[in-house]
Amino acid sequence: MTNRPLRLGFPVKVMGKPGLKSNDTRRWQQSPHLKTSLEYLDAILDYLVEARIDMYRMSSDLAPYATHPDMPQFHSMVAESNAELAAIGRKARDLDIRLSFHPSQFVLLNSPDPALTEKSIWDLASQAEMLDRMGMGPEGVLVTHVGGVYDDREASRARWIEGYQKCPDHVRRRLVLENDDIRFSAADVLWIHDRCGVPLIFDYQHFWCLNPEGLDLRNTLERVMASWPKNVRPKIHFSSPRTELREIKRKVTDKDRAAMKADAPAKGPLTREVVKATSRFKTVLLPPIWTGHADFTNPFEFATFMRTAQGLDFDVMLEAKTKDLSLLKLRGDLLRYAPDVAARFGLQAADAMPDDMLEEELGASEEG
């Protein structure tokens, strides 16, 4: 691990530059291929250099249908793309850009269905193979969650360890386990680490959403950081919760119509518009759900967290809805409101995005 500044990264979708695709999204009939996805990734790397961003999570669909059990014609695409993978990996290393994967929620090492576990290991093996062929170092990780509870938390935790031990070596070298927001807490993943040694990802928002054990933030961070190999810089996930009212479409019910006829006072959730007797749907306003990610990262919350984590080194994957735009906005916010935190990320005046430029980028992304 070097003394380089901490990194800020974002996942998958680029919003700061129109037209950049994260993977080949063509249907199987059009013969999509990893080679096409790597051309898109090459353009994203160029954008990252331009935007001074040095960490990025690649799409989990980078190799389309590569592990689809009923489409063997796609199963060899990773090996077929060896030269292209090596070239993109060499470029990322030369640019000192940290790359990673976060396989989908359907990858479950603790499923009680052995067939689903086997398929999940195949998915992980394919993505680990891509990182290997790219020549990415140990910082190139695969992030996963524990999975389902299946009516028995203790058995599900233990079954994850069994699934992990069934993974081939090249998967176990890269796999890292993240606490989630509704099923398995930081205490759960620490329990798993203590029994099998898998490194852990600390997710800040998930920690606040699910911490029934009442763990201390700083102590938990230290324990999670210690789960990583000494020569590998850990990374964490950070996001702020949504705070605005949620707009939800609902059908107008017979009860609603009866209340309209009776001219009864409004009850229940607020409605965005006047609901007429002929309306089929209504838009209701509901309070936020704290597991939802905000569009942008709250700089005061982030600065407070980073000060709590003083002395601990880790890169930060920002999981805001506006992706790279949130990262660009946060850099300027830190320079303005928390220069001590900005210094840890090596931020300079050139890293601050002017508000008028941000407005242009947001407008372009909406049009796209």
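Computed from a predicted model, the values in this text were never measured in an experiment.

Procedures and definitions
- Residues numbered from 1 in each chain as written.
- Predicted model: local features only at pLDDT ≥ 70, side-chain atom pairs only at ≥ 80, totals over all residues.
- Heavy atoms only, no water.
- Helix = DSSP H or I, 4+ residues; strand = E, 2+ residues; numbered from the N terminus.
- Rg over C-alpha atoms; globule rule 2.2 N^0.38 Å.
- Buried < 20%, exposed > 50% of the residue type's maximum accessible area, 1.4 Å probe, protein only.
- Contact = heavy atoms within 4.5 Å.
- Areas by Shrake-Rupley, 256 points an atom, 1.4 Å probe, with all protein chains shown as cover.
- Lys, Arg positive; Asp, Glu negative; His and termini not counted.
- Charge placed at Lys NZ, Arg CZ, Asp CG, Glu CD.
- Phe/Tyr/Trp six-rings, centres within 6.5 Å; stacked < 30°, edge-to-face > 60°.
- Lys NZ or Arg CZ within 6 Å of the ring centre and 35° of its normal.
- Salt bridge = Lys/Arg side-chain N within 4 Å of Asp/Glu carboxyl O.
- Axes fitted to C-alpha atoms, helices over the stretch in contact; angles between N-to-C directions.
- Parallel < 35°, antiparallel > 145°, perpendicular 65-115°, else oblique.
- Nonpolar A, V, L, I, M, F, W, Y, C, P; charged D, E, K, R; others polar.
- Expected span 1.5 Å × (residues − 1).
- Polar contact = N/O pair within 3.5 Å; in protein donor to acceptor, adjacent residues only side chain to side chain.
- Left-handed = near helix turned anticlockwise from the far one by under 90°.

Novice: Can you walk me through the overall build of the protein chain in this structure?
Specialist: The helix and strand inventory of the protein chain stands at 14 helices and 11 strands. Scaling as 2.2 N^0.38, a compact globule of 368 residues should have a C-alpha radius of gyration of about 21 Å, and the protein chain matches this with 23 Å. Projected onto its principal axes, the C-alpha positions of the protein chain cover 70 × 55 × 50 Å. Across the 368 residues of the protein chain, 49% fall into the buried class. In the protein chain, the share of contacts with a sequence separation of at least 24, taken over all contacts with a separation of at least 6, comes to 78%. Accessible surface computed for the protein chain: about 18,000 Å², of which carbon and sulfur atoms make up 51%. Positive and negative side-chain charges in the protein chain, numbering 50 and 54 respectively, have mean positions lying 3 Å apart.

Novice: Quick question: what am I supposed to make of the packing of aromatic side chains here?
Specialist: Each pair of aromatic rings is reported with the distance of its centres and the angle of its planes. In the structure shown here, the tally under the stated rule is 14 aromatic pairs. Ring geometry for W160 against Y164: centres 5.2 Å apart, planes inclined by 15 degrees, an arrangement best described as stacked. One end of the pair, W160, and the other, Y164, are both in helix 5 (residues 153-166), 4 residues apart, so they sit about a helical turn from each other. There is no split in this pair, since W160 and Y164 are both buried. Note on F202 and F207: the rings are 5.3 Å apart at their centroids and 45 degrees apart in plane angle, and the pair reads as tilted. Like F207, F202 is buried. Over the aromatic face of F184 sits the side chain of R153, whose NZ or CZ is 5.2 Å from the ring centroid. For R157, the ring lying beneath its charged end belongs to W191, and the centroid distance is 3.9 Å.

Novice: Which parts of the structure should I look at to understand unusual backbone geometry?
Specialist: Among all residues save glycine, negative phi is the norm, and among peptide bonds the norm is trans. One non-glycine residue, D96, lies in positive phi territory at about 55 degrees. You can see D96 is positioned in the loop between helix 3 (82-94) and strand 3 (98-101). Positive phi is not limited to glycine here, since Y150 has a value of about 55 degrees. Checked against the element boundaries, Y150 lands in the loop between strand 4 (142-145) and helix 5. Here Y150 falls in the partly exposed class, since its relative accessible area comes to 34%.

Novice: It is not clear to me how the pattern of salt bridges should be interpreted in this structure. Could you clarify?
Specialist: Side chains that carry opposite charge are capable of pairing whenever their charged atoms lie near each other. The full count for this structure, using the stated rule, is 27 salt bridges. Where D188 meets R157, a salt bridge forms, and the shortest distance between an N and an O atom there is 3.0 Å. With D188 in helix 7 (residues 186-196) and R157 in helix 5, the pair connects residues that are 31 residues apart, well separated along the chain. Relative accessible area serves as the criterion here: at 12%, R157 is assigned to the buried category. Across the pair R307 and D340 runs a salt bridge, and its minimum N-O distance is 2.8 Å. Here R307, found in helix 11 (residues 299-308), pairs with D340, found in helix 13 (residues 339-344); they are 33 residues apart in sequence, far enough to count as distant. A residue is classified by how much of its surface remains accessible, and R307, at 42% relative accessible area, is partly exposed. The exposure class assigned to D340 is partly exposed, which follows from its relative accessible area of 39%. A cluster of three or more residues bridged by salt bridges with shared partners is formed by R4, R7, D54, D96, R98, E139, R233 and D315.

Novice: Can you walk me through the packing of helix 3 against helix 4 (residues 114-134) in this structure?
Specialist: For any two helices packed against each other, one specifies the inter-axial angle together with the distance between the axes. Their axes nearest at 7 Å, the elements helix 3 and helix 4 cross at an angle of 65 degrees. The angle between the axes of helix 3 and helix 4 places the two elements in the roughly perpendicular class. Contacts from N82, L85, A86, I88, G89, R90 and R93 of helix 3 reach helix 4 at M130, R133 and M134. Of the residues assigned to the contact of helix 3 with helix 4, the class counts are 5 nonpolar, 2 polar and 3 charged.

Novice: Which parts of the structure should I look at to understand helix 5?
Specialist: Since one α-helical turn is 3.6 residues long, residues separated by three or four positions face the same way. In this model helix 5 runs 20 Å from its N-terminal to its C-terminal C-alpha over 14 residues, within 8% of the 20 Å that 1.5 Å per residue would give. Among all positions of helix 5, only S156, R157, R159, W160, I161, G163 and Y164 are buried. Buried-residue contacts for helix 5 involve helix 4, strand 4, helix 6 (169-172), strand 5 (175-178) and helix 7. Two or three places before E154, at the start of helix 5, stands the capping residue D152, its side-chain oxygen 3.4 Å from that residue's backbone nitrogen.

Novice: So what exactly am I meant to see when it comes to the packing of helix 7 against helix 9 (residues 217-225) here?
Specialist: The interhelical angle for the contact between helix 7 and helix 9, taken along N-to-C directions, is 30 degrees, at an axis separation of 11 Å. One finds that helix 7 runs roughly parallel with respect to helix 9. Of the two possible hands of crossing, helix 7 and helix 9 adopt the one that is left-handed. Residues A186, L190 and D194 of helix 7 pack against T220, R223 and V224 of helix 9. Of the residues contributing to the contact of helix 7 with helix 9, the split by class is 3 nonpolar, 1 polar and 2 charged.

Novice: Please clarify how helix 12 (residues 324-337) should be interpreted in this entry.
Specialist: Its 14 residues place the ends of helix 12 20 Å apart at the C-alpha level, agreeing with the 20 Å of an ideal helix rising 1.5 Å per residue. For helix 12, every residue scored as buried is listed here: D324, L325, S326, L327, L328, L330, R331, G332, D333 and L334.

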